[in-house]
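# A closer look at the structure
If you want the building blocks of each chain, they are given just below.
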Amino acid sequence: MRKVVKFGGSSLASAEQFVKAGDIIRADGERRFVVPSAPGKRFPKDEKVTDMLYACYHLAEEGKDFQKELGAIASRYQEIIDGLALSISLDKEFEAMEKNFREKAGENYAASRGEYLNGIVMAAYLGFAFVDAGEVIRFTDKGEFDSELTNQLLGEKLKTMENAVIPGFYGAYGDGRVKTFSRGGSDITGSIVARAVKADVYENWTDVSGFLVADPKIIENPEGIDTITYRELRELSYMGASVLHEDAIFPVRREGIPINIRNTNKPQDEGTWIVESTCQKSKYTITGIAGKKGFCSVNIEKAMMNMEIGFGRKVLQAFEDSGISFEHVPSGIDTMTVFVHQDEFMDKEQKVVSAIHRLADPDGIDIEGDLALVAVVGRGMKSTRGTAGRIFSALAHANVNVKMIDQGSSELNIIIGVADEDFETAIKAIYDIFVVSQL
């Protein structure tokens, strides 16, 4: 078997955490390819190395002195190197960084150095080969990830290697300029590597023992999720569940490679398995609950709207012309509601309203802000009668007014719109009815 293992920033924040990661890798000879993140926080008020790099580079970009800040970053790595009793030096790497910072190599280059340097340290600690992600992960001239070229380059590079460390988070354009993924992108790199080496499992090691049914900031000690499908995870990740970057699913999904979310600090825990499909029933009717605040609804009314061909396209064109994406579009016979992110919409709302009037000639438009969307996701809902009824009953009992409901045709998820102020109450009520009452 071949396993690709990715370690998050909290798992590599200090020499002590490095040792835990090293023990995990050495405990299983099938863990052959390692993808490290940049060092995260060592304690709650600490700073992530990636944030330190951004701040340092901004000083350089403004022509200000950044020696102190660069020295602080170097000290973080030296602390890890000393703690691991390694004899390597990163002096040449920091000299190159200083030169490139002065020459304004770009924010992407600066941010990528956290993973790059941690990769060098990890490779030295494990005795593995080091592969610079900038040489094997490609982006097009338009800045889009080139999955097929990357798979070819990475597959060729790694096929003769027994073990290797490939830094996460970044790649490069064809001309060698560094390009990063979005924050949390090391998850994506791990998935890309797993596809390239045709791994049997992609293990993603972090500081939690897998996915939880609900946000622990809202629900005290929520139950864990043993197995979740790619589709369920996609829905939950999009709505705010943040254990794994939502785009990390795609490279492994096409190859049917399962992802195992594990806890570096509790390696004995089985964690959560993310799979394409499964006959295993989830512990509860629902798999998980997630949500986001900060939405607003734009309700468009027009008599006989359902008879007018192209009405929906005209309305959505008004949003598209202003560069605003929509979240959900529930509709009735004479009404159509568009849910959008409030912070994106606020400064353009009157422009959009005018465009809707011009393009679609509605009878009226009503806007409501400060709304939240809650997603109830679960493959078990399809075969269980009365799921929606139980949700509404729980919300009514908690005095939560439902502003919107939208259920996909797959019956995999139900989206509920509530007031921002009712967000936490709604999640607690749904969790109670589906989980607590079943315990």
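We now turn to the structure provided with this report. Treat the numbers as computed from the prediction; the structure is a model and nothing was measured.

## What about the overall build of the chain?
Secondary structure assignment for the chain yields 15 helices and 16 strands. In terms of overall dimensions, the chain is globule-like: its C-alpha atoms have a radius of gyration of 24 Å, near the 22 Å expected for 439 residues. When the backbone C-alpha atoms are referred to their principal axes, the chain occupies close to 75 × 55 × 40 Å. For the chain, with 439 residues in total, the buried portion stands at 52%. Partitioning the contacts of the chain with sequence separation of at least 6, the portion at a separation of at least 24 is 75%. Of the roughly 20100 Å² of accessible surface on the chain, 46% is carried by carbon and sulfur atoms. Of the side-chain charges in the chain, 51 are positive and 67 negative, and the distance between the mean point of each set is 4 Å.

## As for the packing of aromatic side chains
If you walk through the whole model with that rule in mind, you get 11 aromatic pairs. Arranged with centres 5.1 Å apart and planes meeting at 55°, the rings of F139 and F181 form a pair that is tilted. Taken together, the positions of F139 in the loop between α6 (133-136) and α7 (147-158) and F181 in the loop between β6 (178-180) and α8 (186-196) put the pair 42 residues apart, joining distant regions of the chain. Across the pair, exposure class does not vary: F139 and F181 are buried alike. Ring pairs connect the aromatic residues Y57, F66, F101 and Y109, which therefore count as one cluster. The ring of Y170 is capped by R113, whose NZ or CZ atom sits 5.4 Å from the centre of that ring. Lying across the ring of F139, K179 places its NZ or CZ 5.2 Å from the centre.

## So, the layout of surface pockets
In this structure, the largest pocket encloses a volume near 1400 Å³. Surrounding the largest pocket, 48 residues form its lining, T206, D207, S242, V243 and L244 being those nearest its centre. When residues of the lining of the largest pocket are assigned to their parent elements, the largest contribution, four residues, is made by strand β11 (residues 288-301). Classifying every residue of the lining of the largest pocket by side-chain character gives 20 nonpolar, 18 polar and 10 charged. Taken as a whole, the second largest pocket holds about 460 Å³ of empty space. Looking at the second largest pocket, it is lined by 21 residues, and the ones nearest its centre are T278, Q280, R379, G380 and S383. Residue composition of the lining of the second largest pocket, grouped by class: four nonpolar, 10 polar and seven charged.

## Here's the deal with helix α11 (residues 311-321)
Among the residues of α11, those classed as buried are F311, V315, A318 and F319. For α11, the arc enclosing every buried residue in end-on projection is 95°, short of the 170-degree limit, so these residues lie on one face. Among the exposed residues of α11, those pointing more than 90 degrees away from its buried face are R313 and E320. On its buried face, α11 is in contact with β11, β13 (335-341), α12 (342-345) and α13 (349-360). Directly after α11, the chain includes G323, whose backbone phi takes a positive value near 70°.

## Some details on the sheet that holds strand β8 (residues 227-229)
The strand order across the open sheet formed by eight strands is β3-β4-β2-β1-β7-β9-β10-β8, and the pairing between neighbours is mixed. This sheet does not close on itself; its edge strands, each paired only once, are β3 (129-130) and β8. With five bridges joining them, strand β1 (residues 3-7) and strand β7 (residues 201-206) adopt parallel strand pairing. Residue pairing in the sheet places V5 in a bridge with E203 of β7.

## Notes on the side chain of H245
Mapped onto the secondary structure, H245 falls in the loop between α9 (230-238) and α10 (249-253). Since its relative accessible area comes to 12%, H245 is described here as buried. At a separation of 2.7 Å, a polar atom in the side chain of H245 contacts the side chain of S182. Within the structure, H245 has its side chain in polar contact with the backbone nitrogen of D247 (distance 3.1 Å). Excluding anything up to four places from it in sequence, H245 contacts S182, R183, G184, G185, D187 and I188.

## Brief notes about the pairing of strand β16 (residues 413-419)
Where burial is concerned, most of β16 is hidden: seven out of the seven residues are buried. Sheet topology places strand β14 (residues 364-377) next to β16; seven bridges connect them, and they run antiparallel. By the bridge assignment for β16, L371 is matched with A419.

## Observations regarding the pairing of β7
Most of β7 sits inside the fold, with six of its six residues counted as buried. The alternating pattern of β7 places V201, E203 and W205 and Y202, N204 and T206 on opposite faces, both of which are buried. Two elements, β7 and strand β9 (residues 259-263), share five bridges in a ladder whose sense is parallel. Among the inter-strand pairings, T206 is bridged to a residue of β9, identified as N263.

## What about the environment of I430?
Looking at where I430 falls in the secondary structure, it is placed in helix α15 (residues 423-434). In this structure the C-alpha to C-alpha distance between I430 and E344, which are 86 residues apart in sequence, comes to 29 Å. Non-local contacts of I430, meaning those with residues more than four positions away in its chain, are made with I289, V374, V376, I391, L395 and I416.

## Things to note about the packing of α7 against α8
The geometry of α7 relative to α8 is characterised by a closest axis approach of 9 Å and an angle of 65° between their N-to-C directions. Judged by the angle between their axes, α7 and α8 are roughly perpendicular. Every pair of crossing elements has a handedness; the one defined by α7 and α8 is right-handed. Packed against α7, whose contacting residues are S147, E148, T150, N151, L154, G155 and L158, the element α8 presents I192, V193, R195 and A196 at the interface.

Cut-off values and rules
Residues numbered from 1 in each chain as written. Predicted model: local features only at pLDDT ≥ 70, side-chain atom pairs only at ≥ 80, totals over all residues. Heavy atoms only, no water. Helix = DSSP H or I, 4+ residues; strand = E, 2+ residues; numbered from the N terminus. Rg over C-alpha atoms; globule rule 2.2 N^0.38 Å. Buried < 20%, exposed > 50% of the residue type's maximum accessible area, 1.4 Å probe, protein only. Contact = heavy atoms within 4.5 Å. Areas by Shrake-Rupley, 256 points an atom, 1.4 Å probe, with all protein chains shown as cover. Lys, Arg positive; Asp, Glu negative; His and termini not counted. Charge placed at Lys NZ, Arg CZ, Asp CG, Glu CD. Phe/Tyr/Trp six-rings, centres within 6.5 Å; stacked < 30°, edge-to-face > 60°. Lys NZ or Arg CZ within 6 Å of the ring centre and 35° of its normal. 1 Å grid on protein atoms, 1.4 Å probe; cavity = no way out; pocket = protein on both sides within 12 Å on 5 of 7 lines; lining within 4 Å. Points joined across faces, edges and corners; volume = space filled by probe spheres on them. Nonpolar A, V, L, I, M, F, W, Y, C, P; charged D, E, K, R; others polar. Arc of directions from axis to C-beta. Pairing = 2+ DSSP bridges. Polar contact = N/O pair within 3.5 Å; in protein donor to acceptor, adjacent residues only side chain to side chain. Axes fitted to C-alpha atoms, helices over the stretch in contact; angles between N-to-C directions. Parallel < 35°, antiparallel > 145°, perpendicular 65-115°, else oblique. Left-handed = near helix turned anticlockwise from the far one by under 90°.

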